[in-house]
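# Commentary on secondary and tertiary structure
What follows is the residue order along each chain.
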Amino acid sequence: MMVLAISTHTFVTNIPHLKIYPRRSAYFYDLLGPFTYVASNPGKDIRGTLIAAFNIWLNVPKPKLDVITRVIDAVHNASLMSESCRRHIEDDSDLRRGKPAAHKVYGIPQTINSASYAWWLAFQQLASIQGSPKEIAELDIPDRLTYLLSGELLNLHRGQGLDIFWPDTFGCPTEQEYIQMARGSKQISIIGDRTEASSILRLSIKIMMAFATTNTDVNYVGLIDLLGIYGQVRDDYMNLQSTEYTDAKGLADDISEGKFSKARKHFDNGYHILRQRPKTPTLKHHAIAYLRDTTHSIDYTLSVMRSLRKQIREETTKLGGNPILETLLEKLHQ
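Quick notes on the rules
Residues numbered from 1 in each chain as written. Predicted model: local features only at pLDDT ≥ 70, side-chain atom pairs only at ≥ 80, totals over all residues. Heavy atoms only, no water. Helix = DSSP H or I, 4+ residues; strand = E, 2+ residues; numbered from the N terminus. Buried < 20%, exposed > 50% of the residue type's maximum accessible area, 1.4 Å probe, protein only. Phe/Tyr/Trp six-rings, centres within 6.5 Å; stacked < 30°, edge-to-face > 60°. Expected span 1.5 Å × (residues − 1). Arc of directions from axis to C-beta. Core = buried A, V, L, I, M, F, W, Y, C linked by side-chain atoms within 4.5 Å. Contact = heavy atoms within 4.5 Å.

Let us now look at unusual backbone geometry. Positive phi, close to 50°, is recorded for Asn59, a residue that is not glycine. The residue Asn59 is located in the loop between helix H5 (46-58) and helix H6 (62-91) in this model. Phi at Asn215 is positive, roughly 50°, even though this residue is not glycine. You can see Asn215 is positioned in the loop between helix H12 (198-210) and helix H13 (221-241). Judged by relative accessible area, Asn215 falls into the partly exposed class, the value being 35%.

In structure tokens form, the structure reads like this:
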């Protein structure tokens, strides 16, 4: 495979993630080349919006919130790189956010290593959050934070594993299995970027809850799980119907990867074209038309999205309302 040569130092100076680390040798930046390349091409930052929304309720002090945000961004981008390599092996995917994926620029081995390196750097950075003596005594900091991060990374890889296993074995998940995959961690996209894993969103809120100064007795995990499931279903729909997705990633890549999206799960008798993982636009359009007009699976997906939006709004109201979250939900509905 021909790999484009790009200097890591081109990207380093403007990447906030790297400014948090002490001065390192040139090799440090070289090893993180794929990571800085991905971070230099940001998505729509739904993570930041959600963190700001939940902080209306939790009021985490800014220094700690800044570290949490950087850690979540690092985990997110590392996950993006890992997913891109896996997708390349499956169907030779070239694009991510409308630009060449990191593995096309740096090669698969370096990209995988850089992603793993970034995950461990996230652990290191998370451990640097300084708690008060009371927080350390009551929350077992940093042990509890390490437990939260490792637990959600396990969820992330379980979800990705199922996402690989089901298409390879032509095994259609049950409704409950699909939900568990979405909660645990299929890469979702409430933002048009498929690496916004539900487990990563949940991780950010769990860490914020550990450092909350208000509403410390309220559990917000249920709401973030609903948002994660909604994001997964919306991503399934947009992958088949959105021209924005097509421009950024190609036409209906879920079909060429054999994924059991919400629409395909609704119609699970193994339609022969879907089983073949078609890659040509003609066959993909035929498969989409079948899901839309014959099985009405796309209509079903829309009905599930409406139900989830209703649940999210009801839960948000119970928690006292949240203007940032409500605005985001409305934007995603458009």
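Additional details are given in the paragraphs that follow.
Using the criterion set out here, one finds five aromatic pairs in the structure. With a centroid separation of 6.1 Å and an interplanar angle of 85°, the aromatic rings of Phe54 and Tyr220 are classed as edge-to-face. Taken together, the residues Phe54 in helix H5 and Tyr220 in the loop between H12 and H13 connect sequence positions 166 residues apart. For Phe54, a relative accessible area of 0% translates into the label buried. One aromatic cluster is present, formed by Phe54, Trp57 and Tyr220 through successive ring pairs.

So, on to helix H19 (residues 297-318). Between its terminal C-alpha atoms H19 stretches 32 Å, which fits the 32 Å expected from 22 residues at 1.5 Å a residue. Among the residues of H19, Ser297, Ile298, Thr301, Val304, Met305, Leu308, Arg309, Ile312 and Thr316 are the ones counted as buried. What you see down the axis of H19 is that its buried residues fit within an arc of 145°, all on one side. Turned more than 90 degrees away from the buried face of H19 sit Thr317 and Lys318, all of them exposed. The first or second residue beyond H19 is Gly320, which carries a positive phi of 110°.

What follows deals with the environment of Leu329. Summarising the element assignment, Leu329 is placed in helix H20 (residues 323-333). Judged by relative accessible area, Leu329 falls into the buried class, the value being 5%. Taking the C-alpha atoms as reference, Leu329 lies 8.5 Å from Arg313; in sequence the two are 16 residues apart.

Moving on: the nonpolar core. One finds Leu50, Phe54 and Met208 to be the most contacted residues of the largest nonpolar core, which totals 78 residues. Discounting residues that sit within four places of it in the chain, Met208 has contacts with Ile51, Phe54, Asn55, Leu58, Val60, Leu65 and Ile68.

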